[in-house]
Amino acid sequence: MNKSTAFSLDYSTARLRFRQAATLLGWTLEGHSIGQTGPNGEDLTIDIASSGNANPEQTLVVSSGVHGVEGFFGSAVQLALLEHWANHGVPSVRCVFLHGLNPYGFAWLRRFDENNVDPNRNFLLTGEPYRGAPPGYAELHGLLNPRRPPSRWESFFVKALPAIARHGIPALKQSVAAGQYEFPKGLFFGGSRPSQMHQILQQHLGRWLQGSRNVVHLDFHTGLGRSGDCKLLIDYPLTLSARKNLTVWFGAESFEPFDSPSISYDTRGGLGHWCVTRGYASEYLFACAEFGTFGPVKVLAGLRAENQAHHWGNSEFDATHRAKIRLKELFCPHNESWRLKVLRQSMKLVGQAIDGLRPL
Ligand SMILES: [Zn+2]
């Protein structure tokens, strides 16, 4: 229990272990194919496990792999929870686990999906156009998205220094990570229409959550923040009661709200904002549980190199393979103490969510 053995070596293994652990608990399973195959020709699916409809009013949702390669961590959290509950009894709230929401990115070691879409920028609300880019993005496009394979000797940091000197890292992060809808092969592209993940959730999420009054949804991510630290990121305006619940259940310092001074950019298309506006429950509390790995420039350099390799490299090249393995390490470090620490914190978070959800 809580051991780093919950981390799987690849998507297929993670998916299989998830399905086996859920079956062992007697949960119902669904798999939704995205019509793509993985490196070994395997069908890529989004898998859903539900504890069933007993006590559906309080529902815990745990999702993994919105950002593909980040699924190595999110899937480990889900497996650790399922194994823990197999030994210690399942919680009294209804549980719905969404596994590998971006299976293409998970299987092919990408943060983005089969159409280079950043799924967490794709969930635009009705009427919001799939157009636009932050003012700084066009200026950085050439630096971020070179039209050639990555080179082993190139230092992104050195190349980026003039831009960092001119704007500073926070401003760079804002113009880059807020998402863009104009450069289809660029980083953080939000897409030009609802993605497959978006369509599958639109079609089924209401059914999976049927009967819910209160939902707490923890969506697991990595790559932002201090190594091993956790922050709950909120991408939508919080109601008073949601803010109170976050404070009481997880602690006043545990979350970073939408209107926090440190998040001054206008992010569109987030999954959380979309979920809470769709009326699935009278209270829908969504948080990205974000765990830090490496510093922002290192992470951005890795994303840039993998994106170059994906679009402009040959899949057989060593350079492509290296860029993808590097990306996996950046979003799911091998370091044993990091793995144990993030799993421990995740289990605690989920325990806090369940305690919060439980009717008094
Ligand atoms: Zn993420």
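Here the structure is a predicted model, which is why all the values come from computation and not from measurement.

(A) Spatial organisation of the packing of helix 1 (residues 11–24) against helix 2 (residues 71–88). Direction vectors running N to C along helix 1 and helix 2 enclose 20 degrees, while the axes themselves pass 9 Å from each other. The orientation of helix 1 with respect to helix 2, classified from their angle, is roughly parallel. You can see that helix 1 and helix 2 cross each other, and the crossing is left-handed. Of the residues in helix 2, those touching helix 1 at Tyr 11, Ala 14, Arg 17, Phe 18, Ala 21 and Ala 22 are Phe 72, Ser 75, Gln 78, Leu 79 and Leu 82. Split by residue class, the contact of helix 1 with helix 2 holds eight nonpolar, two polar and one charged.

(B) The nonpolar core, seen in detail. Counting residues in each nonpolar core, the largest one holds 101 residues, and the members touching the most others are Leu 60, Trp 85, Phe 97, Leu 201, Phe 220, Leu 232 and Val 350. Aside from chain neighbours lying at most four places away, what touches Phe 220 is Val 62, Ser 63, Gly 65, Phe 73, Gly 74, Val 77, Ala 289, Phe 291, Ser 346, Leu 349 and Val 350.

(C) Representation of the environment of Leu 82. Among the structural elements, Leu 82 can be located in helix 2. Along the chain, Leu 82 and Phe 97 lie 15 residues apart, while their C-alpha atoms are 9.8 Å from each other. Setting aside residues up to four positions removed in sequence, Leu 82 forms contacts with Phe 18, Ala 21, Ala 22, Leu 25, Trp 27 and Phe 97.

(D) How the structure looks around helix 12 (residues 336–357). Helix length check: helix 12 (22 residues) gives 32 Å between terminal C-alpha atoms against 32 Å at 1.5 Å per residue, within 8%. Turning to helix 12, its buried residues number three or more, namely Trp 338, Arg 339, Val 342, Leu 343, Ser 346, Met 347, Leu 349, Val 350, Ala 353, Ile 354 and Leu 357. Buried positions in helix 12, seen along its axis, are confined to an arc of 160 degrees and lie on one side of it. Of the exposed residues in helix 12, the ones pointing more than 90 degrees away from its buried face are Ser 337, Arg 344, Lys 348 and Asp 355.

(E) Spotlight on helix 8 (residues 240–250). Listing the buried residues of helix 8 in full gives Ala 242, Asn 245, Leu 246, Trp 249 and Phe 250. The buried residues of helix 8 occupy an angular sector of 100 degrees when the element is viewed end-on, so they sit on one face. In this structure, helix 8 carries Leu 240, Lys 244 and Val 248 as exposed residues pointing more than 90 degrees from its buried face. Looking at the buried positions of helix 8, the neighbouring elements they touch are strand 5 (214–227), strand 6 (230–233), strand 7 (255–256), strand 8 (283–292) and helix 12. Positive backbone phi, approximately 105 degrees, marks Gly 251, located one or two places after helix 8.

(F) Structural context of the coordination of the zinc ion. Coordination of the zinc ion by the protein comes from His 67 (ND1), Glu 70 (OE), Glu 70 (OE) and His 221 (ND1), over a distance range of 2.0 to 2.6 Å. Considering all four donor atoms around the zinc ion, angles at the metal cover 54 to 147 degrees and the coordination shape is irregular. Donor residues for the zinc ion sit on one chain with the sequence pattern H-x2-E-x150-H. Taken together, the residues His 67 in the loop between strand 3 (58–64) and helix 2 and His 221 in strand 5 connect sequence positions 154 residues apart.

(G) Broad picture of the pattern of salt bridges. Taken as a whole, this structure holds 11 salt bridges when the rule is applied. In this structure, Asp 229 engages Lys 341 in a salt bridge whose closest nitrogen and oxygen atoms are separated by 3.5 Å. Pair noted here: Asp 229 is in the loop between strand 5 and strand 6 and Lys 341 is in helix 12, with a separation of 112 residues, a long-range link. Ionic pairing is found between Glu 306 and Lys 324, a salt bridge with its closest N-O pair at 2.5 Å. Remark: Lys 324 occurs in helix 11 (residues 318–331) and Glu 306 occurs in helix 10 (residues 296–312); sequence separation between them is 18 residues. Each member of the pair, Glu 306 as well as Lys 324, is classed as buried. In the salt-bridge network here, residues are joined through shared partners; they are Arg 15, Arg 19 and Asp 47.

(H) Quick peek at the sheet that holds strand 2 (residues 43–50). With mixed pairing, eight strands are arranged side by side in an open sheet as 1-2-4-3-5-8-6-7. The two strands at the open ends of the sheet, each matched to only one other strand, are strand 1 (28–37) and strand 7. Here strand 6 pairs with strand 8 via four bridges, running antiparallel. Looking across to strand 8, one finds that Cys 230 is bridged to Phe 291. With respect to the sheet, helix 1 is in contact with strand 1, strand 2 and strand 4 (94–99), its orientation differing from that of strand 2 by roughly 25 degrees.

Cut-offs applied
- Residues numbered from 1 in each chain as written.
- Predicted model: local features only at pLDDT ≥ 70, side-chain atom pairs only at ≥ 80, totals over all residues.
- Heavy atoms only, no water.
- Axes fitted to C-alpha atoms, helices over the stretch in contact; angles between N-to-C directions.
- Helix = DSSP H or I, 4+ residues; strand = E, 2+ residues; numbered from the N terminus.
- Parallel < 35°, antiparallel > 145°, perpendicular 65-115°, else oblique.
- Left-handed = near helix turned anticlockwise from the far one by under 90°.
- Contact = heavy atoms within 4.5 Å.
- Nonpolar A, V, L, I, M, F, W, Y, C, P; charged D, E, K, R; others polar.
- Core = buried A, V, L, I, M, F, W, Y, C linked by side-chain atoms within 4.5 Å.
- Buried < 20%, exposed > 50% of the residue type's maximum accessible area, 1.4 Å probe, protein only.
- Expected span 1.5 Å × (residues − 1).
- Arc of directions from axis to C-beta.
- Donors = N, O, S within 2.8 Å, 3.2 Å for Na, K, Ca; no water.
- Tetrahedral: all angles 85-135°; square planar, octahedral: opposite > 155°, others 65-115°.
- Salt bridge = Lys/Arg side-chain N within 4 Å of Asp/Glu carboxyl O.
- Pairing = 2+ DSSP bridges.

In short, the description is geometric, and any link to function would need to be established separately.
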